[in-house]
Amino acid sequence: MKKVFNILAAAVFALGCLGTLSCSDEEFTDTIFDTKDYPLDRSAYTFPLDTFVKVNFLDKFNMRFLYKMQDIGSDLQKNLVPCSYEKSVELAVLAKYLWYDVYEKCAGTEFLKKYSPRIIHVIGSPSYNPASGTETLGYAEGGLKISLMNANHMSIYDIESLNEKFFKTMHHEFGHILHQTKEYPQDFRLISRSLYNPISWQDTADSIAVSQGFVSDYASSADREDWVEIIANYIVKDSITWNQMLNTAYYDWERVSVPKKYWNKINGQVIQGLADRDSVGYIDMKNPDASGGDDGQYNIQRKRIQRNADDFAEVDSEGKIIFLKESGIYGNEIILKKVEMARQWLKERFDLDLDALRYEVQHRQWATNPDGSFIFDNRGNLINHLIYPTDDGRIFMDTLIDEVNKYKSLQQ
């Protein structure tokens, strides 16, 4: 089975005379939308959500949250479906709580009025790219529109998945909008210039990507994607995950193939379709070199260590494994350098504090004590704030959805 990867596609369109479009000397208006105020249909089932998005997005920021899929604004070459009403409600309140409210608190209302996209378009189904084996999570168009895919499968019970498929995508695409407005530093393009792989980035294992100084495989596709991936990942990744990534990035990693008949020497059990892990490395079961019988090969990503002729680890005089640093690249240092460049750029160009953004997002995603410290479960994991119980016995997500349901009283 061919591995499916995530791709964040930023389609940059020039604003002007393109193709068969004609230009006129008419002056631009203050808004790209029809300014006539059409009353909402109070008898419509969707009236509560329609009212919520009008009050919180259109009236406040001149931004439209389109959850009723627009054919003209979708990829007509793909079989896409609209988002359900229930999932649209969830995504709308989360977009406000985890994205618009965060930027408004950290940068102000005028910042959002000036730089935020004019349209967020929600699509219910995933968007696969068969030719490359990738999945498009979202895309930005000319600083005007952000499209989000696969909303029907979002789950408030999985913060990591929400970040990967939606909120990291929002920060990623908004990063494109900002750098299309004010160019990011030219020096950034030089840091990893020789390592970008625009053709087959999706074949790069995460461990190898971070060891080269990229926060994701997609970041290794081009410098502009590297730039926005640094910003987006730094904002949404919690401290535990971020520090684990930096630790992985410190080491050199290699990709090798191991005959299938030796799989039991690598791990006690291999679960088909998953990437399992042991002391040797990561067994990539989704992308074997060959299939069928014991002649097949499994790809493994493993740390570079000193090995003997039988491929077993060698140790030093103290019995410690000898890790090799043949590349001379310290991915953790490169990642931190890129973060610092993004931090300075956002502050100098937009008076925006990257660390304040990260703090606000983290304290909205994860449950905290009254003093602001994070709450951990008995395994040392952060606790999902969206499903954390409130004083009335419900979960926090219910209080966010209340902001939509309160308009039900106005329905006819």
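Draft legend 1. Main features of the overall build of the chain. Counting its secondary structure elements, the chain contains 12 helices and 10 strands. Pairs at least 24 apart in sequence give 69% of the contacts found in the chain among residues at least 6 apart. Counting every atom, the chain has about 21400 Å² of accessible surface; 50% of that belongs to carbon and sulfur.

Draft legend 2. Expanded view of helix α7 (residues 223-236). When the terminal C-alpha atoms of α7 are compared, their 20 Å separation across 14 residues agrees well with the 20 Å that a helix rising 1.5 Å per residue should span. Counting buried positions over the 14 residues of α7 gives 13, a clear majority of the element.

Draft legend 3. Focus on the nonpolar core. With 80 residues, the main nonpolar core has Phe65, Leu91 and Leu94 as its most contacted residues. Counting residues per element, this core draws most heavily on helix α2 (residues 85-107), at 13 residues. In this view, Leu94 contacts Trp99, Met154, Ile156, Leu162, Phe167, Leu386, Met397 and Leu400; residues no more than four positions away in its chain are not counted.

Draft legend 4. Spotlight on the confidence of the model for the chain. Mean pLDDT for the chain: 81, with 74% of residues reaching 70 or above. Counted against residues more than four places away or in other chains, residues 290-294, with its pLDDT under 50, gives 6 contacts.

Draft legend 5. How the structure looks around the packing of helix α4 (residues 159-181) against α7. Relative to each other, α4 and α7 sit at 130°, their axes nearing to 8 Å. Taken together, the axes of α4 and α7 lie oblique to each other. When you trace α4 past α7, the crossing you get is right-handed. When α4 is examined against α7, the residues Asn163, Phe167, Lys168, His171, His172, Gly175, His176 and His179 are found in contact with a partner set consisting of Arg224, Glu225, Trp227, Val228, Glu229, Ala232, Asn233, Ile235 and Val236. Grouping the constituent residues of the contact of α4 with α7 by class yields 6 nonpolar, 7 polar and 4 charged.

Draft legend 6. Main features of the environment of Pro389. The residue Pro389 is located in the loop between α11 (354-365) and α12 (396-405) in this model. Since its relative accessible area comes to 54%, Pro389 is described here as exposed. Sequence spacing of Pro389 and Ala367 is 22 residues, and the spatial spacing of their C-alpha atoms is 9.7 Å. The residues touching Pro389, leaving out its near neighbours within four places in the chain, are Arg394 and Ile395.

Draft legend 7. Spotlight on the pairing of strand β6 (residues 145-148). Covered by surrounding structure in β6 are Lys145 and Ser147 together with Ile146 and Leu148, the residues of both alternating faces. In this structure, strand β3 (residues 119-122) lies alongside β6, joined through 4 bridges in parallel fashion. The residue of β6 that forms the bridge with Ile119 is Lys145.

Draft legend 8. Quick look at the pattern of salt bridges. One pass over the full model with this rule turns up 25 salt bridges. With its nearest N and O atoms 3.8 Å apart, the salt bridge here joins Lys168 to Glu229. Here Lys168 is found in helix α4, whereas its partner Glu229 is found in helix α7, with 61 residues between them in sequence. Taken as a pair, Lys168 and Glu229 share a single burial class, namely buried. Between Glu183 and Arg189 there is a salt bridge, with the nearest N and O atoms lying 2.8 Å from each other.

Draft legend 9. Quick peek at the side chain of Lys338. Locating Lys338 in the fold gives a position in helix α10 (residues 331-350). A polar contact of 2.9 Å, which involves the side chain of Lys338, links it to the side chain of Ser192. Those residues in contact with Lys338 that lie beyond four places of it in its chain are Phe188, Ile191, Ser192, Gly213, Phe214, Asp226 and Ile230.

Draft legend 10. Main features of the packing of aromatic side chains. Evaluated as defined, the whole model comprises 26 aromatic pairs. Taking 6.3 Å as the distance between ring centres and 90° as the angle between the ring planes, the aromatic pair formed by Phe111 and Phe350 counts as edge-to-face. Taken together, the residues span a long stretch of sequence, with Phe111 in helix α3 (residues 109-115) and Phe350 in helix α10 at a distance of 239 residues. Note on Phe111: relative accessible area 7%, which makes it buried. Phe350 gets classed as buried once you look at its relative accessible area, which sits at 8%. The positively charged end of Lys325 is found above the aromatic ring belonging to Tyr330, 4.4 Å away from the centroid. When the ring centre of Tyr97 is taken as reference, the NZ or CZ atom of Arg364 above it lies at 4.8 Å.

Cut-offs applied
Residues numbered from 1 in each chain as written. Predicted model: local features only at pLDDT ≥ 70, side-chain atom pairs only at ≥ 80, totals over all residues. Heavy atoms only, no water. Helix = DSSP H or I, 4+ residues; strand = E, 2+ residues; numbered from the N terminus. Contact = heavy atoms within 4.5 Å. Areas by Shrake-Rupley, 256 points an atom, 1.4 Å probe, with all protein chains shown as cover. Expected span 1.5 Å × (residues − 1). Buried < 20%, exposed > 50% of the residue type's maximum accessible area, 1.4 Å probe, protein only. Core = buried A, V, L, I, M, F, W, Y, C linked by side-chain atoms within 4.5 Å. pLDDT = per-residue confidence, 0-100. Axes fitted to C-alpha atoms, helices over the stretch in contact; angles between N-to-C directions. Parallel < 35°, antiparallel > 145°, perpendicular 65-115°, else oblique. Left-handed = near helix turned anticlockwise from the far one by under 90°. Nonpolar A, V, L, I, M, F, W, Y, C, P; charged D, E, K, R; others polar. Pairing = 2+ DSSP bridges. Salt bridge = Lys/Arg side-chain N within 4 Å of Asp/Glu carboxyl O. Polar contact = N/O pair within 3.5 Å; in protein donor to acceptor, adjacent residues only side chain to side chain. Phe/Tyr/Trp six-rings, centres within 6.5 Å; stacked < 30°, edge-to-face > 60°. Lys NZ or Arg CZ within 6 Å of the ring centre and 35° of its normal.

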